[in-house]
Amino acid sequence: MPFDIWTTEELFAVRQDDRMNPIPSFFLDTFFSQTFFAEDQEIKFADLPEADRFLAPFVLPTEQGKPIYNRRGESISAFTPAYIKLKNGVRPQDARNLLPSDALRYRSKPLSLEQRFDLRVVQLMEQQLRMIRTREAWMAARAILDARVQIDYERDQGGSNPSVLLDFGRNGDQTIVKGANYWDDPATDILGDLETWANRMYLANGGGTPNMIVVGARVAPVFKRNTGIIAAMNMENRGNDSNGVDIKTGIQRLERPFSYIGKLDNGMEVWTYKDTVDIPNGLGGKTKIDLMDERDVLMLAPGANGVRAYGAIYDADAMIEGVAAQTDIYSKMFTTKDPGELFLMNQSSPLPIPLYPNRTLKARVLV
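Residues numbered from 1 in each chain as written. Predicted model: local features only at pLDDT ≥ 70, side-chain atom pairs only at ≥ 80, totals over all residues. Heavy atoms only, no water.

### Some remarks on the overall build of the protein
Right, on to step 1. A tally of helices and strands in the protein yields eight helices and 19 strands.
Right, on to step 2. Split into buried and exposed, the 367 residues of the protein put 38% on the buried side.
Right, on to step 3. Taking all contacts inside the protein whose residues are at least 6 apart in sequence as the whole, residues at least 24 apart take part in 69%. (Helix = DSSP H or I, 4+ residues; strand = E, 2+ residues; numbered from the N terminus. Buried < 20%, exposed > 50% of the residue type's maximum accessible area, 1.4 Å probe, protein only. Contact = heavy atoms within 4.5 Å.)

### Some points on helix α3 (residues 113-145)
Right, on to step 1. An ideal rise of 1.5 Å per residue puts 48 Å on 33 residues; α3 measures up with 48 Å between its terminal C-alpha atoms.
Right, on to step 2. Positive phi appears at A147, one or two residues downstream of α3, with a value of about 60 degrees. (Expected span 1.5 Å × (residues − 1).)

### Side note on the packing of aromatic side chains
Remark: the centre distance and the inter-plane angle together describe each pair of aromatic rings, the angle taken between the planes.
Right, on to step 1. This structure, assessed with the given rule, holds 13 aromatic pairs.
Right, on to step 2. Seen from their ring centres, Y260 and W271 are 5.1 Å apart, and the 70 degrees between their planes marks the pair as edge-to-face. Of this pair, Y260 sits in strand β10 (residues 258-263) while W271 is found in strand β11 (residues 269-273), placing the two residues 11 residues apart along the sequence.
Right, on to step 3. With a relative accessible area of 32%, Y260 lands in the partly exposed category.
Right, on to step 4. Looking at W271, the relative accessible area reads 18%, which means it is buried.
Right, on to step 5. An aromatic cluster of three or more residues is present, and its members are F26, F27, F31, F258, Y260, W271 and Y273. (Phe/Tyr/Trp six-rings, centres within 6.5 Å; stacked < 30°, edge-to-face > 60°.)

### Looking at the sheet that holds β11
Right, on to step 1. Ordered in space as β7-β19-β14-β8-β11-β10-β9, the seven strands form an open sheet in which the pairing is mixed. Edge positions in the open sheet fall to β7 (175-177) and β9 (246-247), since each of these has one partner strand only. (Pairing = 2+ DSSP bridges.)

### Digging into the pattern of salt bridges
Right, on to step 1. Considering all chains together, one arrives at 18 salt bridges under this definition.
Right, on to step 2. Across the pair R148 and D167 runs a salt bridge, and its minimum N-O distance is 2.8 Å. In this pair, R148 sits in strand β5 (residues 148-152) while D167 sits in strand β6 (residues 163-167), placing the two residues 19 residues apart along the sequence.
Right, on to step 3. With a relative accessible area of 37%, R148 lands in the partly exposed category.
Right, on to step 4. D167 sits in the partly exposed class, given a relative accessible area of 36%.
Right, on to step 5. Within the structure, one salt-bridge network assembled from shared partners comprises R142, D146, D293, R295, D296, K362 and R364. (Salt bridge = Lys/Arg side-chain N within 4 Å of Asp/Glu carboxyl O.)

### Some remarks on the pairing of strand β15 (residues 306-310)
If a strand is regular, its side chains alternate between the two faces of the sheet.
Right, on to step 1. Counting buried positions along β15 gives five out of five residues, so the element sits mostly inside the fold.
Right, on to step 2. By the bridge criterion, five bridges tie strand β1 (residues 32-37) to β15 in an arrangement that is parallel. The partner of F37 across the bridge, within β15, is Y310.
Right, on to step 3. In the sheet, β15 pairs with strand β18 (residues 350-354) via five bridges, with the strands oriented antiparallel. Of the residues in β18, the one forming a bridge with G306 is P354.

### Topic: the environment of V219
Right, on to step 1. Checked against the element boundaries, V219 lands in the loop between β8 (212-215) and α5 (220-225).
Right, on to step 2. Residue classification places V219 among the buried residues on the basis of a relative accessible area of 0%.
Right, on to step 3. Taking the C-alpha atoms as reference points, V219 and W183, separated by 36 residues in sequence, lie 7.7 Å from one another.
Right, on to step 4. The residues touching V219, leaving out its near neighbours within four places in the chain, are W183, E294, R295, D296, V297, V365 and L366.

### Topic: unusual backbone geometry
Right, on to step 1. Cis geometry marks the peptide bond from D338 to P339, where omega comes out at 0 degrees.
Right, on to step 2. In this fold, P339 is placed in the loop between β16 (329-336) and β17 (341-348).
Right, on to step 3. Of note, the phi angle at N181 is positive, near 50 degrees, even though the residue is not glycine.
Right, on to step 4. Within the secondary structure, N181 is located in the loop between β7 and α4 (190-203).
Right, on to step 5. Taking the relative accessible area as the measure of exposure, N181 reaches 57% and is therefore exposed.

### Some words on the nonpolar core
Right, on to step 1. Counting residues in hydrophobic clusters, the biggest one holds 34 residues, and the most contacted among them are F27, Y273, L298 and I353.
Right, on to step 2. Among the secondary structure elements, those contributing two or more residues to this core are α1 (26-31), α3, β5, β11, β14 (296-300), β15 and β18.
Right, on to step 3. Considering every element that reaches this core, the biggest residue donor is α3, with seven residues.
Right, on to step 4. Within the second largest apolar cluster, 27 residues are counted, among which are W197, A198, V219 and F223. (Core = buried A, V, L, I, M, F, W, Y, C linked by side-chain atoms within 4.5 Å.)

### A few points about the environment of A232
Right, on to step 1. With respect to the helices and strands, the residue A232 is situated in helix α6 (residues 227-233).
Right, on to step 2. Between the C-alpha atom of A232 and that of G244, which follows or precedes it by 12 residues, the distance is 7.4 Å.

As far as function goes, none of this settles anything; it's purely spatial.
Dropping the structure here:
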């Protein structure tokens, strides 16, 4: 197979777009601060029942006392983490190819064949780890936004493995798709919708009153055009109320995935979010997909957090080393004698689990 050898005389510079360098881990870093390693195949959680508010019965002092004991049941939820196993080989002949970046980076002292081989190993290891971290970040986004994660297993031998839907149990009426009165109509009562949904979250089992709203990129501009919000921002109506509506009306520049828009009544903050991950397009390239749909709104109550859970690593070497249930990613390298090749393998079993799924609500407010 022909290949190109690049020299410093042929290249002026290697260009790079640094915007995609960070892992899109906003949801993972923000809402999943605890870590748990499981030895079992399943990760289990016990739910205490909601506190009751029964009224004590009245009785005459001459009557016998009334028993009030009611046994309170508990429920158990179990989730099986997905499994990731990446394996790639590094062939010695791969080190013959000089990449454009190598030609510029090491122009003063060209790399030896062995050094180029070691560099390929490092680059491939970084690529595998980045893919695993990105997948975990995607799972965290799905857990917070959808309160469920669709696991589609892949296999090499013909037929596909079954898909598994991990559902964390958010109330069905807290995943909303509007069928009318979309928010791009300036006359739509956005504040009324948010008030209705906030009350729904508060009354849900394990719910709470939202203090943050995260909106998709297409939803963000509709706030500054909405007549109800504009009226609420009017100083004559608001007076000196420091807790009133205050939405930025200037040009919105999404320089970061997470940008502040303003606040609504009672200090409920509004932010906009946009970030992407890549999937293969079947043509050797990639397609970018949004982690949060640009048409969606996410409401969050305090305590809408979760745990970064990791299942066991099912690998004999990990068992021998005593780290099968103590690591988020297990890395190893091994060689084959004929042909003499090096293989890199990284395994992980991540599952970000929201502890209080009813403290989130997602609504699609645009067509």
